[in-house]
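Report on the structure
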Amino acid sequence: MLAVSCRRYGAPDVLKIEEVARPTLKADEVLVRVRASSVTSGDVRMRAFTGAGIFWLPMRLLFGVLRPRNPITGMEFAGTIAAVGKGATGFRVGDAVFGMKIGGANAELLAVREAGAIAAKPDGLTLEEAAVVPFGALSALAFLRDFVQIKPGQKILIHGANGAVGVFAVQLAKHFGAHVTGVCSTANLDLVTSLGADQVIDYSKTDFTRGPDVYDAILDTVGSTSFSRSKRVLAPYGRHVFVVQTLTQLLQALWTSLRRGKRAIVGFSSGDSKEDLLLIKGLIETGRIRPMLDRTYRLPDIIDAHRYVDTGRKRGGVAISIGAAP
Ligand SMILES: NC(=O)c1ccc[n+]([C@@H]2O[C@H](COP(=O)([O-])OP(=O)(O)OC[C@H]3O[C@@H](n4cnc5c(N)ncnc54)[C@H](OP(=O)(O)O)[C@@H]3O)[C@@H](O)[C@H]2O)c1
């Protein structure tokens, strides 16, 4: 089968399209014929190995010290079931599915644990739209529910409101009944308003930490805010959640966890919950949330797709069409 490989860390041109062996199917797995995948901010980070900060060593031990341990890139997929393992009972050959598995999704075939983050493709979405849902939506759900601990009526500010995580964070926060302020650049103000944000702030013109509004929570999906500066606009027990971690934020998180009052919190998302994926699918099918597909590239153009995601300026997700024209 054809797959995108990354056999050394570096710039987008380390990527190659190779003929590799088909995955072997375990009893508790299903084989997905991938028709659409994606390039996420997580994929470009794993390729370039930048931004790991103090986690550089543990991440390198996890993903491969000298070169990537699993050379096949990609984590989001949409396609059809090509085969089912002996013990897998939840899917049938031909079912349309979508989901997330870290590593291996930029390929024609992918073996996925049936109990993992895989579910029937949401009705009404194209394969490319479905392929840009799981990473952003599962992350946004985990950050809002588990780290912000969002409640109806709360005022929340979402920094990076038009990124893959941001577009879902805005919509999910509205779904949970919060008053949402989205922060983005001028070009994305209309998009973030269309996602349901009550207010939008253009970060190139306004510094939200100097404004009159006070927030119960700030979710920073970019890594460019600071707890020290945002304290002024956080409510007395407000939470500032960071998803891009630095040593300063970890120390602030530790320090503020020992005291009452405003807290810095470091969030993470494993992205492997089937239950959460089913929740997201239901919200899409009932029209509560929708994906934002920025661009679709064909598999042979994977290097261009990585170059675009490397800019850090995409709107929602970037899909890769596999085996068919976009
Ligand atoms: N810890 C975890 O488990 C976890 C899980 C998922 C994601 N993440 C991390 O979360 C981050 C965001 O992921 P993503 O996929 O949403 O990224 P993305 O799609 O590339 O979006 C990045 C966003 O940053 C905005 N941006 C760029 N420069 C900015 C600035 N100076 N001020 C404000 N906004 C700025 C861009 O909007 P404009 O074009 O409008 O500037 C864009 O919306 C990544 O670093 C990713 O690794 C962590």
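Treat the numbers as computed from the prediction; the structure is a model and nothing was measured. (Residues numbered from 1 in each chain as written. Predicted model: local features only at pLDDT ≥ 70, side-chain atom pairs only at ≥ 80, totals over all residues. Heavy atoms only, no water.)

Focus on the environment of Lys274
So the rule is basically this: Under the scheme used here, helices are H or I runs from DSSP no shorter than 4 residues and strands are E runs no shorter than 2 residues, and both carry numbers assigned from the N terminus. Between buried and exposed lies partly exposed: a residue is buried under 20% and exposed over 50% of the maximum accessible area for its type, with that area taken using a 1.4 Å probe on protein chains only. Two residues qualify as a contact provided that any one of their heavy atoms is within 4.5 Å of a heavy atom in the partner residue. In protein, a polar contact requires one atom able to donate a hydrogen and another able to accept it; more generally it is a pair of N or O atoms within 3.5 Å, and residues adjacent in sequence count only if both atoms are side-chain atoms.
Within the secondary structure, Lys274 sits in helix α9 (residues 274-285). Lys274 sits in the partly exposed class, given a relative accessible area of 22%. Through-space distance from the C-alpha of Lys274 to that of Ser228 is 37 Å; in sequence the pair is 46 residues apart. Those residues in contact with Lys274, other than ones at most four positions away along the chain, are Phe91, Glu114, Ala115, Gly116, Ala117 and Ile118. A polar side-chain atom of Lys274 sits 2.7 Å from the main-chain carbonyl oxygen of Glu114.

Let's talk about empty space enclosed by the protein
Counted only if it meets this: In this analysis a 1.4 Å probe is tested at points of a 1 Å grid over the protein atoms alone, and where it fits but cannot get out there is a cavity; an open set with protein on both sides within 12 Å along at least five of seven lines is a pocket; lining residues have an atom within 4 Å of a point. Grid points are joined across faces, edges and corners, and a volume is the space filled by probe spheres set on the points. Polar here means any residue outside two lists: the nonpolar Ala, Val, Leu, Ile, Met, Phe, Trp, Tyr, Cys and Pro, and the charged Asp, Glu, Lys and Arg; Gly therefore counts as polar. What marks off one domain from the next here is an automatic or database domain assignment.
Per the counting criterion, the structure on display carries 1 cavity of 30 Å³ or more. Taken as a whole, the largest cavity holds about 50 Å³ of empty space. If you go around the largest cavity, the residues you meet are Ser38, Val39, Thr40, Glu76, Val132, Phe135, Gly136, Ala164, Lys314, Gly316, Gly317 and Val318. Those elements that place two or more of their residues in the lining of the largest cavity are β3 (29-39), α4 (134-148) and β15 (317-321). Grouping the constituent residues of the lining of the largest cavity by class yields 5 nonpolar, 5 polar and 2 charged. For the lining of the largest cavity, the domains that each give at least three residues are domain 1 (2-133 + 292-321) and domain 2 (135-266).

A few points about the domain arrangement of the protein
Put simply, the rule is: Values labelled buried area give the accessible surface lost by two parts on being combined, using a 1.4 Å probe and summing over both.
Domain boundaries in the protein define domain 1 (2-133 + 292-321) and domain 2 (135-266). Taken over C-alpha atoms, the centre of domain 1 sits 27 Å from the centre of domain 2. Between domain 1 and domain 2, the contact holds 17 residues from the first and 18 residues from the second. Buried area between domain 1 and domain 2, summed over both chains or domains, comes out near 1300 Å², and the portion from carbon and sulfur atoms is 63%. Contact with domain 2 buries surface across domain 1, with Ile54, Val133 and Arg315 losing the most and accounting together for 33% of the total. On the surface where domain 1 and domain 2 come into contact, there are 9 residue pairs in polar contact (both at pLDDT 80 or more). A per-element tally of the side of domain 1 that touches domain 2 places helix α1 (residues 41-48) first, with 3 residues. Tallied by class, the residues present in the side of domain 1 that touches domain 2 amount to 8 nonpolar, 4 polar and 5 charged.

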